[in-house]
4 protein chains.
Amino acid sequence: MVTVEECWLAGLAACGIAPSDAAADLTQLITPADLPHVAEAAEGGGNPVIEVLRLLRQRLGDINPTAAHWVHRGLTSQDVLDTALVLGLREALTTVNEELRAQISATMTLVETHRHTVMAGRTLSQHAVPTTFGRKAASWLGGLLEAAEDIDAAEDRLAAQFGGAAGTMAAGTELARQSGATAPERTAWQVAEYAATQLGLPMSIPWHTNRARITRSGDALVRACDAWGHIAQDVLVMSRTEIAELSEPTGDGRGGSSAMPQKVNPVLSVLLSRTSLIAPHQAAQLHLAAAQQVDERAVGGWHAEWPALQTLVRGTIAAARHATELLSGLRVHGERMTRRAVEAGEDLLAEQRAIIAAAGSSPPASDLASAAVENYLGAADLIVSTVLGQAERYLREKA
Amino acid sequence: MVTVEECWLAGLAACGIAPSDAAADLTQLITPADLPHVAEAAEGGGNPVIEVLRLLRQRLGDINPTAAHWVHRGLTSQDVLDTALVLGLREALTTVNEELRAQISATMTLVETHRHTVMAGRTLSQHAVPTTFGRKAASWLGGLLEAAEDIDAAEDRLAAQFGGAAGTMAAGTELARQSGATAPERTAWQVAEYAATQLGLPMSIPWHTNRARITRSGDALVRACDAWGHIAQDVLVMSRTEIAELSEPTGDGRGGSSAMPQKVNPVLSVLLSRTSLIAPHQAAQLHLAAAQQVDERAVGGWHAEWPALQTLVRGTIAAARHATELLSGLRVHGERMTRRAVEAGEDLLAEQRAIIAAAGSSPPASDLASAAVENYLGAADLIVSTVLGQAERYLREKA
Amino acid sequence: MVTVEECWLAGLAACGIAPSDAAADLTQLITPADLPHVAEAAEGGGNPVIEVLRLLRQRLGDINPTAAHWVHRGLTSQDVLDTALVLGLREALTTVNEELRAQISATMTLVETHRHTVMAGRTLSQHAVPTTFGRKAASWLGGLLEAAEDIDAAEDRLAAQFGGAAGTMAAGTELARQSGATAPERTAWQVAEYAATQLGLPMSIPWHTNRARITRSGDALVRACDAWGHIAQDVLVMSRTEIAELSEPTGDGRGGSSAMPQKVNPVLSVLLSRTSLIAPHQAAQLHLAAAQQVDERAVGGWHAEWPALQTLVRGTIAAARHATELLSGLRVHGERMTRRAVEAGEDLLAEQRAIIAAAGSSPPASDLASAAVENYLGAADLIVSTVLGQAERYLREKA
Amino acid sequence: MVTVEECWLAGLAACGIAPSDAAADLTQLITPADLPHVAEAAEGGGNPVIEVLRLLRQRLGDINPTAAHWVHRGLTSQDVLDTALVLGLREALTTVNEELRAQISATMTLVETHRHTVMAGRTLSQHAVPTTFGRKAASWLGGLLEAAEDIDAAEDRLAAQFGGAAGTMAAGTELARQSGATAPERTAWQVAEYAATQLGLPMSIPWHTNRARITRSGDALVRACDAWGHIAQDVLVMSRTEIAELSEPTGDGRGGSSAMPQKVNPVLSVLLSRTSLIAPHQAAQLHLAAAQQVDERAVGGWHAEWPALQTLVRGTIAAARHATELLSGLRVHGERMTRRAVEAGEDLLAEQRAIIAAAGSSPPASDLASAAVENYLGAADLIVSTVLGQAERYLREKA
């Protein structure tokens, strides 16, 4: 919020509305020590900007009275908070996508390494037909790619918001008129453009009651959590004591139990599973808030975004790091996978046998003799190649 | 589901796996009269495909035994249901976007007609500063545009799914091998491509456990519901008896009350508001289902998509029609808007007066004299032009 | 809805407002064949009562014009729909609780039969310490008991609603006044009491904007779904091919696969898991609708209850039956449970060994020698007895 | 968590498992300054107990090595965290219910004061029939009563949890056996009872995988948020600039706007509305977590409770205070209510006139002449008396 105020103040000065010495470095004026107080005050006025502004004006008073006079002029609380939210969201989306790229690379390695590692395919919890671990990891990879693309798209749509009390930029325009601007609404627009550029954000018409930018970002973050949740579910099943085909990376206190020394808990997957149970509710809350917009500022719908974004962003960033750690260090027990698949061959090949039997002619003995789990993998390898190609293309384009 | 089976069967025949007379028109074989029975049977096996298939085989038995033999071969239930879901989703997305385009046109007319209709801007339920009804409707328009773009994007990503039991296309490949294909996995792929083309869908690698297509479509539909919810909230406020600045279109039994003959209820907005309260929960359910994927077919996560899609699609299509009716027939009482704003001028201009006072020099008397609600509209007109430009561009590109 | 109209009409006649021949049997006047038409018309007026009433009046016209004149008089649409919802909810709660009682009995049998069946306790997916299957099933039983108690409590609070347009019973009172009643508001109250009694429901002051009855019922149904979801998760893990300590009941087409003849899918647990993913969203929607009450009838909050109740009630009743089938027919492979626990003894007893080691004195050799999974069950048996006692008490009190 | 460890340690000493000097005051050993570190470490092991325990042992090491040896022995992380959650929930439920009682009193005063204050009843946002503000506030009161009763019931069901790794109390039993107890599982039970008593909580069998206590508390808190949301919606409508029949209490910086000096925003209602949009999602998350229980400790379902409880409890306590402030200081502009109702009499009495007209005989002129809004209030007064009686009874019973 302080950065937003600072860039707007710089814009007022740069566009000739405020004197040039009104521009000031505000970044040191509010510190983490102010947060508990601001948080409490936010409940009084309904948002934290009012108190942040009071502190800024008070602390600027002695060192730069001109800045103290001009700070926030032309803005409304929502401008500051919404643009600050966008800055936070941008950082979150960027961080998550950096992790997703690392995960895509790590998963590509898993897919390539294990494209021929035969394992039991399972449906509805039961052995079904053979597959490969590479094929399974290719599904994970597909999910990561879809999430990364949607996060890219959401990030591209983020924009600053400087609309004033009712989204008309009236105060900024009036300030420009008072300063003698000939086309004051254009000058107000320029201030907004200047501030947006300083913040590294695109300019946009005010979106105070149109929250698609927020919901789109939320949906994309949830899509990442979905992809990780899916991976975590697979790891949790396959690292069960009785299955033991995968193990989580260990080290650094991960997964120990204080009471049961033998245990190595798949704690990364547990935490990813947790986040995947949490995230959808936060996105729903954001959508609901978007739909509850009314008038030129909503009566609760705006404010309901904040805890949802807080929980979602915090959870997603933590999960992004966990997922990178998991996928980079996952231990694949390929021999055990294949041994189990071979031992279960009778069941895993039942579909194949039924097809051969239904072929009408009695199948040649050689057909049945050659029946082996590695001979009933269909187009798994072709599918693996396709997904790897998509991943390579994505990483190349984003490089 | 029947169409999916039919196109796959045609693919088996076209690619030389099944004899050419296996291709058959299945569309008349299952009728709405079968639905209650299929619905009940679906609870036995966990999905409706099993019973649909049984009926198809039974009814084909007499008229085309070859087709009865080959129908569904190479597929798994999930292939049929997922591809059928995609067909349904595509129709829903198309229908909603047609309505959205009509709404965009209607709202453009509202914006243009009322770009100079001054009204009281309201924040947190209280009079704030002046705005125009055109500026307000431009916010509605922005929300409709964002929804339409996301629905376009979601529709573009829909694809057929033909992966077999574990997403390896093993059964299709085995059938191709039995038919003597030299590269059986390529033949299986061709069958899938053929069927997808017949269905008008892009081919894709199997996405049986990667549900981003579903959640993306769901999110986009909710984004439309959010946009309508926002509009409805505004209409509900502005058509209140005491405000009466907007009225819903009447006619055709809309909004009457059996007991209170004087009433004209804003029933379209009530219904849109309803849908906006329902839709976010459905999208959350879809995300949750996506995150609960495990193994090569989920134990509940797959099945949990169906009621959410049913409620969401049904609600969104109804709401789309209501929103078109509302925006096309909305009655704007511009004189009342402006009269109220003028009467409330003292309050609505308080911000402007404070700015003038803070300008330091005592403001010229003419400044205060000219203070009138129509002189404190900031960049409203510029903003209106910008949004209209975006809308024109969108409609032109989609034409 | 027809039953509600009928009982109110009887009340008008019984209390002297309408002539005695106004009372009429309405039950045959609306049939399932009317439903599609009523459903469509409901979107026009915002609720289905208006059309139901039109049909009732029309069809009564010839056979009982007095009834046609008096039907619905004194009521508003919301009275009819809310009271009808309560009738539906009562039936749902009763049905679910009957199933819950059957489940409690079946689970008591499981607990008693297997109170000494040792198995591996698992935490965070890994072997932890020994437990018994009886102890595990006692946790299931506890969940069923809590759900049953909350459903009982929710059912006890259901009541009829007859408030008229704004919850003041004004129309009923006016009708009574017209009929010459000396204390017309008391007469209106008596009509409501009469109708409620006919419907088997308690009388209540109008609760048109106080939806706690609805949310409480919803929450209780979700609590049952939670309990079943928990059981299903356990069955899904324990019936995995590699674990195979439990099997679902078979028979009657349950769990077969059209393509893979070897498979027996745990389809009941899959369906229960599905419902547990769906139900929480429906309850959230009901709460949201409750919080969106405003004025004397909400603008969407009322209407948003209907699809949530429909999905929740339908899903819960189906799940209730599935859960009874599952718990009554669950096949417990006790020998395999115990064999696995014994084989895993080294790990499962690590905690015990650590405690003995930490006891300070070197433990007597006999202590370690006697270390066996059946000697490290703590108070499992005591806990089992406690839960069985609770269950017996519950069943006795409800008998 | 520290209090739980302390009471359990006291129990070990009191029951003769640990030496009597093992009991220790732990409350000063962990301070708020430790929280950031503990929070970070919690992500490593999956929960915060592990690090809290490490700090406790380290800091006890010098001052009471016996306590350092015995602390946490017999417990698992989940015991500590769940019982700590219950302590937090109990405090939250108690706090909320104290506020609810204050709100019930304040609302009773509103109801009594305004039982004859006539106002326009509104349905679907339009004037409908007359009502009184007392009647409306009686609906608010009904919602507060239902919430208070459910919170009481939820609080009564809270209990301690001491089950050890798998809910069998095996570690506690083994410790008792090592200490020479003759019925070691009974001794373990006594330790748990002792600790529970110290904490002021009922004893219970372990409920590690049965989360009904958590969901029931969550549902009850949401029910309170629903009731406040409903009140807030009414206040937001009725304090609109154009309606102005209610005003929020002012003072202490509530509701000011930095830019628009004329504004008094209904900020308490805005904040209550916000919380009512947030709360349902949190309860849904708790239910989902409950349904995702599996094995003897869930893989994410347990952990997903924490952020939901944090958001829900924090939001509910803040909202409870806001609601008390709102209801205690609400300014009712009764004259304006009644003036508006009288002016709108033509519309508000349309239903009454229709009833009179339908009475068949032409109504006596006196009937129409006496038609006035205060003569069409039905049983409003009777309803008011009924609700006031319920509230008096509730407050008396809880006194």
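Residues numbered from 1 in each chain as written. Chains lettered and ligands numbered in written order. Predicted model: local features only at pLDDT ≥ 70, side-chain atom pairs only at ≥ 80, totals over all residues. Heavy atoms only, no water.

Peer 1: Help me understand the overall build of chain A in this model?
Peer 2: Each helix and strand counted, chain A has 16 helices and 4 strands in total. On C-alpha atoms alone, chain A measures out to a radius of gyration of 28 Å, which is more than a quarter above the 21 Å that the 2.2 N^0.38 rule sets for 399 residues. For the C-alpha atoms alone, the extent of chain A along its principal axes is close to 95 × 50 × 35 Å. Looking at chain A as a whole, 69% of its 399 residues qualify as buried. A separation threshold of at least 6 residues defines the contact pool for chain A, and within that pool the share at least 24 residues apart is 77%. Entry remark: accessible area of chain A is about 12400 Å², with carbon and sulfur atoms responsible for 50%. Side chains of chain A give 32 positive and 45 negative charges; the mean places of these two sets differ by 2 Å. (Helix = DSSP H or I, 4+ residues; strand = E, 2+ residues; numbered from the N terminus. Rg over C-alpha atoms; globule rule 2.2 N^0.38 Å. Buried < 20%, exposed > 50% of the residue type's maximum accessible area, 1.4 Å probe, protein only. Contact = heavy atoms within 4.5 Å. Areas by Shrake-Rupley, 256 points an atom, 1.4 Å probe, with all protein chains shown as cover. Lys, Arg positive; Asp, Glu negative; His and termini not counted. Charge placed at Lys NZ, Arg CZ, Asp CG, Glu CD.)

Peer 1: Sorry, what's going on with the interface of chain A and chain B here?
Peer 2: Often, the extent of an interface is quoted as the loss of accessible area upon association of its parts. Of the residues lining the interface, 86 residues belong to chain A; the matching set on chain B comes to 86 residues. Taking both sides of the interface into account, the surface hidden between chain A and chain B amounts to around 7400 Å²; carbon and sulfur atoms contribute 56%. The interface formed by chain A and chain B holds 14 salt bridges in total. In this structure, B:Asp150 and A:Arg216 form a salt bridge, with 3.0 Å as the shortest nitrogen-oxygen distance. Inspection of the region where chain A meets chain B yields 35 residue pairs in polar contact (both at pLDDT 80 or more). Residue contributions to the side of chain A that touches chain B peak at 13 residues, all from helix H9 (residues 212-238) of chain A. Taken together, the residues that form the side of chain A that touches chain B break down as 36 nonpolar, 27 polar and 23 charged. (Buried area = accessible area lost by both parts, 1.4 Å probe. Salt bridge = Lys/Arg side-chain N within 4 Å of Asp/Glu carboxyl O. Polar contact = N/O pair within 3.5 Å; in protein donor to acceptor, adjacent residues only side chain to side chain. Nonpolar A, V, L, I, M, F, W, Y, C, P; charged D, E, K, R; others polar.)

Peer 1: Sorry if this is basic, but what is going on with the pairing of strand S1 (residues 118-123) of chain A here?
Peer 2: Side chains on a regular strand alternate between the two faces of the sheet. Residues and elements named next belong to chain A. Most of S1 sits out of view: 6 of its 6 residues are buried. Across 5 bridges, the pairing between S1 and strand S2 (residues 126-132) is antiparallel. Following the sheet pairing, Met119 is matched in S2 by Thr131. Between S1 and S2, which pair antiparallel in sequence order, lie 2 residues; one of them, Leu124, sits at a positive phi of approximately 50 degrees. (Pairing = 2+ DSSP bridges.)

Peer 1: Please clarify how the interface of chain A and chain D should be interpreted in this entry.
Peer 2: Listed by partner, the interface residues are 39 residues for chain A and 39 residues for chain D. Both sides of the chain A and chain D interface together cover about 3200 Å² of buried area, and 59% of this is carbon and sulfur. Considering only the surface of chain A that becomes buried against chain D, A:Glu43, A:Leu277 and A:His281 emerge as the three largest contributors, covering 18% of it. The tally of links from chain A across to chain D stands at 4 salt bridges. One salt bridge connects D:Asp295 with A:Arg240, and the closest N-O pair in it is separated by 2.7 Å. Inspection of the region where chain A meets chain D yields 10 residue pairs in polar contact (both at pLDDT 80 or more).

Peer 1: How should I be thinking about the state of the cysteines in this particular structure?
Peer 2: Note on terminology: disulfide describes a covalent bond linking the sulfur atoms of two cysteines. Residues and elements named next belong to chain A. Scanning the model with the defined rule gives 0 disulfides over all chains in all. Unpaired in terms of disulfides, Cys7 finds its nearest cysteine sulfur in Cys15, a separation of 13 Å. Classification of Cys7 as buried rests on a relative accessible area of 8%. (Disulfide = S-S within 2.5 Å.)

Peer 1: I'm lost on unusual backbone geometry in this one. Help?
Peer 2: The residue A:Leu124 is not glycine, and still its phi comes out positive at about 50 degrees. With respect to the helices, strands and loops of the structure, A:Leu124 is situated in the loop between S1 and S2. Unusually for a residue other than glycine, D:Met169 sits at a positive phi of about 60 degrees. Here D:Met169 shows up in the loop between helix H6 (133-157) and helix H7 (170-178). With a relative accessible area of 4%, D:Met169 lands in the buried category.

Peer 1: Is there a simple way to think about the side chain of D:Thr83 in this case?
Peer 2: All names here are of chain D. Following the sequence through the fold, Thr83 ends up in helix H5 (residues 77-113). Side-chain polar atoms of Thr83 contact the backbone oxygen of Asp79, separated by 2.8 Å. A distance of 2.9 Å separates the side chain of Thr83 from the backbone oxygen of Gln161, its partner in a polar contact. Those residues in contact with Thr83, other than ones at most four positions away along the chain, are Val4, Gln78, Ala160, Gln161, Phe162, Leu199 and Leu201.

Peer 1: Sorry if this is basic, but what is going on with the environment of A:Leu87 here?
Peer 2: Residues and elements named next belong to chain A. Tracing the backbone through its elements, the reader meets Leu87 in helix H5 (residues 77-113). Of the residues examined, Leu87 reaches a relative accessible area of 17% and is grouped as buried. Leu87 sits 113 residues away from Gly200 along the chain, and the two C-alpha atoms are 9.0 Å apart. Apart from the residues lying within four places of it in its own chain, the contact partners of Leu87 are Val4, Leu199 and Leu201.

Peer 1: Any chance you could explain the relation of the copies chain A and chain B here in plain terms?
Peer 2: The second copy of the chain is related to the first by a rotation about an axis and a shift along the axis. Overlaying chain A with chain B gives an RMSD of 0.0 Å, the required rotation being 180 degrees about an axis along which the chain moves by 0.0 Å. What the superposition gives is, in effect, a two-fold axis relating one chain to the other. Judged by C-alpha distance, A:Ala284 is the residue of chain A that lies nearest the rotation axis, at 2.9 Å. Mapped onto chain B, 100% of the interface residues of chain A are again interface residues, and the two copies thus contact each other with one and the same surface. (Least-squares fit on C-alpha atoms with pLDDT ≥ 70 in both.)

Peer 1: Is there a simple way to explain the packing of helix H6 (residues 133-157) of chain C against helix H9 (residues 212-238) of chain C in this structure?
Peer 2: Any two packed helices are characterised by the angle at which their axes cross and by the distance between the axes. All names here are of chain C. One can describe the packing of H6 onto H9 by two numbers: an axis separation of 8 Å at closest approach and a directional angle of 165 degrees. Our classification of the angle between H6 and H9 gives roughly antiparallel. Both H6 and H9 take part in a crossing whose hand is left-handed. Across the contact of H6 with H9, the residue classes tally to 14 nonpolar, 4 polar and 7 charged. (Axes fitted to C-alpha atoms, helices over the stretch in contact; angles between N-to-C directions. Parallel < 35°, antiparallel > 145°, perpendicular 65-115°, else oblique. Left-handed = near helix turned anticlockwise from the far one by under 90°.)

Peer 1: Can you help me understand H9(C) in this one?
Peer 2: Residues separated by three or four positions in an α-helix point in the same direction, a consequence of the helix having 3.6 residues per turn. An ideal rise of 1.5 Å per residue puts 39 Å on 27 residues; H9(C) measures up with 39 Å between its terminal C-alpha atoms. Where burial is concerned, most of H9(C) is hidden: 27 out of the 27 residues are buried. (Expected span 1.5 Å × (residues − 1).)

Peer 1: Teacher, can you tell me more about the relation of the copies chain A and chain D here?
Peer 2: Turning chain A through 180 degrees and shifting it by 0.0 Å along the axis lays it on chain D, with an RMSD of 0.0 Å. Looking at chain A, 100% of its interface residues are interface residues in chain D too, so the copies touch through the same face.

Peer 1: Please explain the pattern of salt bridges as it appears in this structure.
Peer 2: Pairs may arise between side chains of opposite charge once their charged atoms sit close together. Scanning all chains against the criterion turns up 93 salt bridges over all chains. Residue A:Glu51 pairs with A:Arg54 through a salt bridge whose shortest N-O separation is 2.6 Å. Here A:Glu51 and its partner A:Arg54 are both found in helix H3 (residues 49-63), 3 residues apart, which amounts to about one turn of the helix. With a relative accessible area of 9%, A:Glu51 lands in the buried category. A relative accessible area of 40% places A:Arg54 in the partly exposed class. With a closest N to O distance of 3.1 Å, B:Asp234 and B:Lys136 form a salt bridge. One end of the pair, B:Asp234, is in helix H9 (residues 212-238); the other, B:Lys136, is in helix H6 (residues 133-157), with 98 residues separating them in the sequence. Members of the salt-bridge network, linked through shared partners, are A:Glu146, A:Glu149, A:Asp150, A:Arg223, B:Arg157, B:Arg213, B:Arg216 and B:Asp219.

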